[in-house]
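These are the residues of each chain, in order.
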Amino acid sequence: MNTVIEKTGETDIDMQIIRQAAAIIQKGGLVAFPTETVYGLGANALDEEAAKKIYAAKGRPSDNPLIVHIADPGMLNPLIKEIPPVAEKLMKKFWPGPMTLIFRKSAAVPKQTTGGLDTVAVRYPSNPIALALIREAGVPIAAPSGNLSGKPSPTEGEHIIEDMNGRIDMIIDGGTVGMGLESTIIDVTETPPMILRPGFITKEMLEEAIGEVDVDPAVLHKPQDGLKPKAPGMKYRHYAPMADYQIYRGETKKVAEAIIHAANEKAARGFKTGIITVDEHLNLYSEQLRSDVLVVSIGNLKNPETIANHLFKVLRNFDKENAAYIFGEAFSEDHVGQAIMNRLTKAAGYQVIDL
């Protein structure tokens, strides 16, 4: 397939590009576009054949639900059976923005979009390019992250082109996204509401808005066999680099010593090996480590948002280096740290070593 690739900025949107992309969506085609979180792979959410194309392009299991994107709260009502009062509070507080809510779906939404479920995940993004596309298309757009299934999510135009060029009709390259971490997903069909995927809107922020909130056990622990996922990323290995990735958790110096030992051993055997750390710990890897081990900082502990923003880019860069093994540190699970560790733990295939 010949994929059309066009560039546009958020502040000076080229509406000719948007109209071209909207026409593709209306005809049942696929368009990748930036959101404020990561790049999405979009199709008409109400067209079951278009939804099937998303799964095929990504190599995504068909029971993994898609998130439906809207560009106005008025687009929500036809998609769902009801808006619970708790959802109204969350929508008023956090929409538009990086929050996805799970509702009971209406008959208008095909089960090909919802992974066979009777619920639907809906988000109202804040990215101007995404909003312009949805409005011009005139339909809600189902859009999971635009990576090949299992790979790290795309946070730059280069990433989405790497994964989707030749697989879909069009890519809108909007440069680097602002957040770099997918939306928080909250199931408002449960009482109390339940976080199914953490993100920049944290548990603390949600509790301040609506009171008690639960967290699904699959957020930081390996899901049980037979789980039917209610949200993206709950069941399958996600965000994963090609390398074997292991996370070490414990006292900082002990973790560094264990990582250095493991990395040196793999590198001595001729394997391309990398280490993921943070700015504050780079000095711990300056001695005793082989010079052919690649050490990368993922961000700054004093500003965990930088870690979230760089996370997928760092994992993708290790793929470019053809790393066979990656060893990394665990981070605090407070606030946005829960979202960071959710992604890293899944990327590592739950290989977390406690020291």
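Structure first, text after, so check above.
Residues numbered from 1 in each chain as written. Predicted model: local features only at pLDDT ≥ 70, side-chain atom pairs only at ≥ 80, totals over all residues. Heavy atoms only, no water.

(A) Just the nonpolar core, in detail. Leu90, Trp95, Leu101, Phe103 and Ile172 are the most contacted members of the largest nonpolar core, which totals 64 residues. Of all the elements, helix α5 (residues 128-137) adds the most residues to this core, at seven residues. Contact partners of tryptophan 95, with chain neighbours within four places excluded, come to Ile70, Leu76, Leu90, Leu101, Val122, Arg123 and Tyr124. Counting residues in hydrophobic clusters, the runner-up holds 29 residues, among them Leu311, Ala323, Val336 and Ala339. (Core = buried A, V, L, I, M, F, W, Y, C linked by side-chain atoms within 4.5 Å. Buried < 20%, exposed > 50% of the residue type's maximum accessible area, 1.4 Å probe, protein only. Helix = DSSP H or I, 4+ residues; strand = E, 2+ residues; numbered from the N terminus. Contact = heavy atoms within 4.5 Å.)

(B) Structural context of helix α6 (residues 157-164). Considered for burial, the residues of α6 that qualify are Gly157, His159, Ile160, Asp163 and Met164. Down the axis of α6, the buried set is contained in an arc of 160°. They therefore lie on one face. Residues of α6 that are buried in the fold lie against β2 (31-34), β3 (39-44), α2 (48-58), β8 (170-173) and α9 (304-320). Positive phi appears at glycine 166, one or two residues downstream of α6, with a value of about 90°. (Arc of directions from axis to C-beta.)

(C) Fine view of unusual backbone geometry. Residue proline 96 is reached from tryptophan 95 by a cis peptide bond, and omega for that bond is -5°. When you line up the elements, proline 96 lands in the loop between α3 (85-94) and β5 (99-104). Each neighbour pair has its own omega, and for threonine 191 with proline 192 the value is -5°, a cis peptide bond. A positive phi is found at glutamine 288, a non-glycine position, where the angle reads about 70°. By the secondary structure assignment, glutamine 288 is in the loop between β13 (273-277) and β14 (294-297). For glutamine 288, a relative accessible area of 69% puts it in the exposed group. Positive phi, close to 60°, is recorded for asparagine 322, a residue that is not glycine.

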